[in-house]
Amino acid sequence: MESASAEQIKRFAAQASKGGSAAFESRETADPAMIMHMLGSLLEALGSKSDKTPCLRKRVKDEVQWANSLNPWRRSPFWLILRVGLSTFLAQKHGGEKGRAYYKTLLAAALATFLRIFGPDLDPETAAFVNAKLARRVAKLENERTNADGEVSAVLGVLFGKLGPFFLQTLETRRKSIEENWRAFKNSSQVKRPIGFLPKYARDYETKPALTSSHPYLQAVMLWRPLRAPNPEVVQSVASAMATSARFHVFASGYFDLARTEQHYEARRRDQSDVQLVGSQKKNCIRLAGEIETYLDQVRGLYNENHEQYSICVLTVMELWVEMDRSATAEYSPLLKFNTVFRPESLDVLTLPRLVDMQRLQTIQAYIQQRDRKCNSSAQTIFDDPSPGCFAEVYFDDSKHSQKLESLMKEIEDFAQKTRLEKESELKTLSAEYEKLQTQIAQSACTYSNSDGYVGAVHDRKRCHKCYLGRKAHRLKIDLFEYPTPADSSEAKAVIFELQCPEAYAKYRNATFKIASRFASAHNTQAAPKVLLKDLFDLQRFKRASMEGVSLASHSKSFIATHYESVRLPTTLSKVCVRNGLKLGYYEQGSGIWTKDARLLVRFHEFCFLRIPQESPFRGLQNMARS
Amino acid sequence: MDPLLAVDPGVVELCINHIALPPKLPGRSDTRTDEVDDFLIRYLLRGIKSITQLVSPDQFQLWDKLRIVIQDARELNRGGIIESGRLLRQLQALGDGKFLILKVSEQNAGVLIRGDFGYVQQS
């Protein structure tokens, strides 16, 4: 019994499902199966079931209140046990009806005594509430006395004869006190506001307007004091030409710079034509990614009003992207198995006046189409969530970096194994200590001395050695260890790949997504991620890449960040070393967008339509022009 | 202040929550469970004292027996843990009409033991 009252048995404890495995849930109550079934069967075997025990029913109108804390408030179970115990005892001793009467009287008397002693210290709201409760109890007792038969009625009659005045006096005193309190409050200066009488006639000064603002001015007018004379000096001629050009200069320079950039890229493209790209593909890829990002930052919103300029912007960006994609696919051949996020027909909306621009557009569309064909119109892109067949997995299995990635995976596995062994031995040590403490507790006894029947034995918990040991055992806990990578092999490979992501690929991915998100007309509104992969503590030592821009993030919290972080003893190893609880997906940090729906979102038509001025009589055709 | 109910005012407030269930309950679990439990015992004991002070002497026996049950419950459950030494002593002294109330905290259960003509039964 002693250990049953002190030890948590995790098997009967409430469990919550987290990350696919069950975790001990401290917020729910435990299953009393140990006592009900185990102890019950034990005792039944040693003796036999009795018919003499009366069965009691108790209506429990208990509450569980929870506001933003670890564990909710529950009504004291000890209080429940006391009440059930006492009513059972009285029912067995005096029979059901009389027993109940005595029990109810006891509760009423206890409440009345409490109210007498502590009433003055309670705040009026609580005091009124408790007073009402006592009044209800006494009224119910009174009711029973009149309605019950013979013996019970007699018993209650006697009790009431003695206790009645006591109850009534308590209630009355409390009620008076509350009312007095209320009256004092009402009359106090905080609440009472004086309301003056309305005067029956106006005073002399009240009939004359004060004119606080206009008075000085009117006086000046009356005295004919002249106002400030006009300045006879000639206004200095400002170099107006320079001033206006300065303003215009600031406004126009943004556009001039952009035009220069666009012409530069167009000329470069023309001169290169179909010449094979020289130099390292990786360096090209990185350079072009930088150019795309700079150009997009330069454009900002400057072209939103003008659909022709907007189309040129899209054209320039897409040409750069095609070049970058060529380098990227040359460097990382698995990319060819995956589709781009662009569809050729989405570029049809561009409005380009020059023939040479139309030709440029055609080249771009042809390239995208060719890419689509090469991957057999696959629906998968590099931005989909980690799953079997995703880019990270393909790259992990079959590329020139496969070996490096595999060795990183092995490193992580070794680390996890080592930590698991450490946790195992830590658990062993702590469990041994716990067992030792428990045996010590079982062998020792509390120190206390006897006193009169009411005040009871004196026992100082802080000085008693046994209680100290009990507290020590209660405080023993162990931190959880969450496995660093997900159990699913494709997801694990994606994590490893991300940790050692090749720089050129990362820049290519970021630049492509920047284009996609920039020209997307709608963004999915999912919740922000609970944690980014790059922020996970256990993986910090394995980070070999910068992990900025597009990277992995989790929809769910890791075990360590929740309140499941550490667990009290006694416990088992399987509860301490848990599976990885992350739900991963690709996420762009700058814009806060999950990337998996990228392919569906890219449309260019947001600003690519003719705008008809407000005053024009053709305003009604705007909707048609838009679609 | 009555000596039996001498206690920290914070504990009194916590106990009112359990006894009367006022409208505004705290949203978190109590931390001072042992003090609260002990106060609840003394609350009942003080109630019995009031009754015994007012009723006629022939009723005295009845209420005193009740006091003993509550007193025993207090000893057995001190500190929220059932101490095997104490329980053993009480079981050995389990005569006719004795009644023990036990709270098994971590198992979320309670056990009542009644002495009846020397037989121990469980409910």
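Relevant structure appears above.
From a predicted model like this one, the values you see are computed outputs, not experimental measurements. (Residues numbered from 1 in each chain as written. Chains lettered and ligands numbered in written order. Predicted model: local features only at pLDDT ≥ 70, side-chain atom pairs only at ≥ 80, totals over all residues. Heavy atoms only, no water.)

Digging into helix α4 (residues 84-92) of chain B
Residue and element names in this part refer to chain B.
Move 1: The complete set of buried residues in α4 reads R86, L87 and Q90. Each buried residue of α4 sits inside an arc of 95° when the element is viewed along its axis, so together they form one side. Residues of α4 that are exposed and point more than 90 degrees away from the buried face comprise L88 and Q92. (Buried < 20%, exposed > 50% of the residue type's maximum accessible area, 1.4 Å probe, protein only. Helix = DSSP H or I, 4+ residues; strand = E, 2+ residues; numbered from the N terminus. Arc of directions from axis to C-beta.)

Quick word on the side chain of R269 of chain A
All names here are of chain A.
Move 1: Looking at where R269 falls in the secondary structure, it is placed in helix α8 (residues 240-272).
Move 2: Despite its burial, R269 remains without a salt bridge, the nearest opposite charge being carried by E319 at 4.6 Å.
Move 3: Apart from the residues lying within four places of it in its own chain, the contact partners of R269 are E319, E323 and R326. (Lys, Arg positive; Asp, Glu negative; His and termini not counted. Salt bridge = Lys/Arg side-chain N within 4 Å of Asp/Glu carboxyl O. Contact = heavy atoms within 4.5 Å.)

Here we look at the packing of aromatic side chains
Move 1: If you walk through the whole model with that rule in mind, you get 23 aromatic pairs over all chains.
Move 2: Aromatic side chains F114 of chain A and F118 of chain A sit 5.0 Å apart centroid to centroid with 40° between the ring planes, which places their arrangement in the tilted category. A residue pair is termed a helical-turn pair when its members lie 3 or 4 positions apart in one helix, as F114 of chain A and F118 of chain A do in helix α4 (residues 96-118) at 4 residues.
Move 3: Classification of F114 of chain A as buried rests on a relative accessible area of 3%.
Move 4: Measuring from ring centre to ring centre gives 6.0 Å for F118 of chain A and F39 of chain B, while their planes differ by 65°; the resulting arrangement is edge-to-face. Of this pair, F118 of chain A sits in helix α4 while F39 of chain B is found in helix α2 (residues 33-54), placing the two residues in two different chains.
Move 5: F118 of chain A gets classed as buried once you look at its relative accessible area, which sits at 3%.
Move 6: Cluster of aromatic residues (ring-pair linked, three or more members): Y332, F338, F391, Y395, F497 and Y505 of chain A.
Move 7: Lying over the aromatic face of F160 of chain A, R145 of chain A brings its terminal NZ or CZ to 5.3 Å of the ring centre. (Phe/Tyr/Trp six-rings, centres within 6.5 Å; stacked < 30°, edge-to-face > 60°. Lys NZ or Arg CZ within 6 Å of the ring centre and 35° of its normal.)

Focus on the environment of P484 of chain A
All names here are of chain A.
Move 1: In this structure, P484 sits in the loop between β6 (481-482) and α15 (489-499).
Move 2: On the basis of relative accessibility, which here comes to 5%, the residue P484 falls in the buried class.
Move 3: Sequence spacing of P484 and F415 is 69 residues, and the spatial spacing of their C-alpha atoms is 9.2 Å.

Here's the deal with the nonpolar core
Move 1: In this structure, M318 and W321 of chain A are the most contacted members of the largest nonpolar core, which totals 78 residues.
Move 2: Setting aside residues up to four positions removed in sequence, M318 of chain A forms contacts with F342, L347, I364, I368, I515 and F604 of chain A.
Move 3: Of all hydrophobic cores here, the second largest spans 65 residues; its members include W79, L86 and L159 of chain A together with L112 of chain B. (Core = buried A, V, L, I, M, F, W, Y, C linked by side-chain atoms within 4.5 Å.)

Comments concerning the pattern of salt bridges
Residue and element names in this part refer to chain A.
Move 1: As enumerated under the stated definition, the model contains 35 salt bridges over all chains in all.
Move 2: Across the pair E548 and K534 runs a salt bridge, and its minimum N-O distance is 3.2 Å. Here the residue E548 occupies a position in the loop between β7 (531-532) and β8 (550-554), and K534 occupies one in the loop between β7 and β8, the gap between them amounting to 14 residues.
Move 3: Each of the salt bridges in this network shares a partner with another, and the network as a whole consists of E266, R270, E319, R354, D357 and R360.

As for the environment of D397 of chain A
Residue and element names in this part refer to chain A.
Move 1: Relative to the elements of secondary structure, D397 occurs in helix α12 (residues 391-397).
Move 2: According to the relative accessible area criterion, D397 is partly exposed, its value standing at 44%.
Move 3: Considering only alpha carbons, one finds D397 and K493, 96 residues apart in sequence, at a separation of 8.9 Å.
Move 4: Setting aside anything within four residues of it in sequence, one finds D397 in contact with S402 and K493.

Focus: the environment of K493 of chain A
Residue and element names in this part refer to chain A.
Move 1: Examined against the element boundaries, K493 turns out to sit in helix α15.
Move 2: A relative accessible area of 14% means that K493 is categorised as buried.
Move 3: Through-space distance from the C-alpha of K493 to that of P388 is 9.8 Å; in sequence the pair is 105 residues apart.
Move 4: Excluding residues within four positions of it along the chain, K493 makes contact with E393, F396, D397 and M409.

Things to note about the interface of chain A and chain B
Move 1: Counting residues at the interface gives 82 residues for chain A, matched by 79 residues for chain B.
Move 2: Across the chain A to chain B interface the summed buried area is about 7,300 Å²; carbon plus sulfur atoms make up 69%.
Move 3: Inspection of the region where chain A meets chain B yields 0 salt bridges.
Move 4: Looking at the side of chain A that touches chain B, the elements with two or more residues in it are α1 (2-6), α2 (33-46), β4 (73-74), α3 (77-94), α4, α5 (124-147), α6 (150-187) and α14 (465-475) of chain A.
Move 5: Counting residues per element, the side of chain A that touches chain B draws most heavily on α3 of chain A, which supplies 14 residues.
Move 6: Grouping the amino acids of the side of chain A that touches chain B by side-chain chemistry returns 46 nonpolar, 22 polar and 14 charged. (Buried area = accessible area lost by both parts, 1.4 Å probe. Nonpolar A, V, L, I, M, F, W, Y, C, P; charged D, E, K, R; others polar.)

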